[in-house]
Amino acid sequence: MAKRTLVLGISGGSCLELSLHFIKNLPLDIKLFVVPTKNAYTVCHVEKKQNLRRLIADLRVDNLEIHDSISSCLASGSFFFESCIILPTSSNTLSCIANGLQDNLLTRVAAICLKEGRNLVLAVREMPLSAILLENMAKLSSIGVCIAPPIVGYYSDVLDLESLHNFLIGKYFDILHIEHDLFKRWQGTM
């Protein structure tokens, strides 16, 4: 059986810690291609005063490749990957995807997901949402894109930032069919 392959896109939205938590918790038997945008590098430098490429490499060396050039193999629909999650998805990246703009490697990867029928998950990180952003999300949702903003479920005993990150990454893993034990699931009452 072929190894699972996944693309993690990191756009310029403020939510970098979730991207890093995703990388840290992803099972090592999944090949991960990380695609940061130019704005992601800028946000990391401003928010964390660190180099994003170094932060990613320090988290996981095995089965991880960082791609940020349009000359990457990921820019071709003939190169196979199973799914792409863009975490965070900035409003600019969302708008580019919804309107077919492919101005960087990440928006090209999203376009490939759309044309090849691959899973695309967008963790839209914006609040409040304008009518334009809602229209773009509805447009993409209507063609099968999973719109999944990082919204916490308080039933999961979120007590601190670590448990919040675990819940959110666990939800993304659920969407991508990746087994995990990152949070307590809703038990309900009988």
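One numbering rule holds for all chains: residues counted from 1, following each sequence as written. In keeping with the predicted nature of the model, local features appear solely for residues at pLDDT of at least 70, side-chain atom pairs appear and are counted solely at 80 or more, and the whole-chain, interface and lining totals rest on all residues. With hydrogens and water set aside, each side-chain value is computed from the structure's full complement of heavy atoms.

- For the protein, an unreviewed UniProt entry supplies the name Phenylacrylic acid decarboxylase and the organism Helicobacter muridarum.

**Examining the overall build of the protein**
And then number 1: Only runs of H or I of at least four residues qualify as helices and only runs of E of at least two qualify as strands under DSSP, and these elements are numbered from the N terminus. Secondary structure assignment for the protein yields seven helices and six strands.
And then number 2: Reading the helices (α) and strands (β) of the protein from amino to carboxyl end gives β-α-β-α-α-β-β-α-α-β-α-β-α.
And then number 3: Relative to its length of 190 residues, the protein is compact, with a C-alpha radius of gyration of 16 Å against a globular reference of 16 Å.
And then number 4: Seen through its principal axes, the protein has C-alpha atoms that stretch 50 × 40 × 40 Å.
And then number 5: Relative accessibility under 20% of the residue-type maximum defines a buried residue, over 50% an exposed one, and the middle range a partly exposed one, all with a 1.4 Å probe and only protein chains included. For the protein, buried positions account for 47% of its 190 residues.
And then number 6: In this description, contact between two residues means that some pair of their heavy atoms is separated by no more than 4.5 Å. In the protein, the share of contacts with a sequence separation of at least 24, taken over all contacts with a separation of at least 6, comes to 74%. We compute the radius of gyration over the C-alpha atoms and compare it with the globule rule, which gives 2.2 Å times the number of residues raised to the power 0.38.

**Quick word on the sheet that holds strand β1 (residues 4-10)**
And then number 1: If DSSP finds at least two bridges between two strands, the strands pair. The parallel open sheet is built from six strands, whose spatial order is β3-β2-β1-β4-β5-β6. On the outer flanks of this sheet lie β3 (64-66) and β6 (146-147), each paired with one strand and no other.
And then number 2: As paired elements, strand β5 (residues 119-124) and β6 share two bridges and run parallel to each other. Across the sheet, Leu 122 pairs through a bridge with Ile 147, a residue of β6.
And then number 3: Axis geometry follows a simple rule: fit a line to the C-alpha atoms, using only the stretch in contact for helices, then measure angles between N-to-C directions, giving values from 0 to 180 degrees. Where helix α1 (residues 16-25) meets the sheet, it contacts β1, β2 (30-36), β3 and β4 (83-89), and its direction lies at approximately 165° from that of β1.

**Here's the deal with the nonpolar core**
And then number 1: In these notes, a set of buried Ala, Val, Leu, Ile, Met, Phe, Trp, Tyr and Cys residues joined through side-chain atoms within 4.5 Å is what counts as a nonpolar core. Ranked by size, the top nonpolar core spans 35 residues in total, and within it Phe 22, Leu 32, Ile 56, Leu 87 and Tyr 172 carry the most contacts.
And then number 2: The residues touching Leu 32, leaving out its near neighbours within four places in the chain, are Leu 6, Val 7, Leu 8, Phe 22, Ile 23, Leu 26, Arg 60, Asn 63, Leu 64 and Glu 65.
And then number 3: The next biggest cluster of nonpolar side chains, apart from the first, holds 24 residues, and it includes Ile 86, Ile 97, Ile 112 and Leu 140.

**Focus: the UniProt feature "domain: Flavoprotein" (unreviewed entry) in the protein**
And then number 1: UniProt positions are given in the numbering used here, feature names are shortened, and annotations may be inferred rather than shown by experiment. Look at the UniProt record and you will see "domain: Flavoprotein" (unreviewed entry) annotated at residues 5-174.
And then number 2: Here residues 5-174 is 44% helix and 18% strand, with 16 Å between the C-alpha atoms at its ends.

**Re helix α6 (residues 131-141)**
And then number 1: Among all positions in α6, only Leu 133, Asn 136, Met 137 and Leu 140 are buried. Seen along its axis, α6 keeps its buried residues to an arc of 100°; they face one direction. For α6, the exposed residues lying more than 90 degrees away from the buried face are Ala 131 and Glu 135.
And then number 2: Buried positions along α6 lie against α4 (91-98), α5 (105-116), β5 and β6. The arc in question is formed by the directions pointing from the helix axis toward the C-beta atoms.

**Re the state of the cysteines**
Here a disulfide denotes a covalent bond joining the sulfur atom of one cysteine to the sulfur atom of another.
And then number 1: Cysteine sulfur atoms are paired as a disulfide whenever they fall within 2.5 Å. According to the stated counting rule, one finds zero disulfides in the structure shown.
And then number 2: Here Cys 44 is not cross-linked by a disulfide; its sulfur's nearest cysteine counterpart is in Cys 15, at 13 Å.
And then number 3: Here Cys 44 falls in the buried class, since its relative accessible area comes to 0%.
And then number 4: Cys 146 takes part in no disulfide bond, and the closest cysteine sulfur to it belongs to Cys 84, at a distance of 12 Å.
And then number 5: For Cys 146, a relative accessible area of 26% gives the class partly exposed.

**Structural notes on the packing of α4 against α6**
And then number 1: Two numbers describe how α4 lies on α6: the axes approach to 9 Å, and their chain directions differ by 50°. Taken together, the axes of α4 and α6 lie oblique to each other. Here α4 and α6 pass one another in a crossing that is left-handed. Of the residues in α6, those touching α4 at Ser 91, Leu 94, Ser 95, Ile 97 and Ala 98 are Leu 133, Asn 136, Met 137, Lys 139 and Leu 140. Oblique is the label for any angle not covered by the other classes, which are roughly parallel (under 35 degrees), roughly antiparallel (over 145) and roughly perpendicular (65 to 115). The crossing is said to be left-handed when, going from far helix to near helix, the turn is anticlockwise and less than a right angle, and right-handed when the turn is clockwise.

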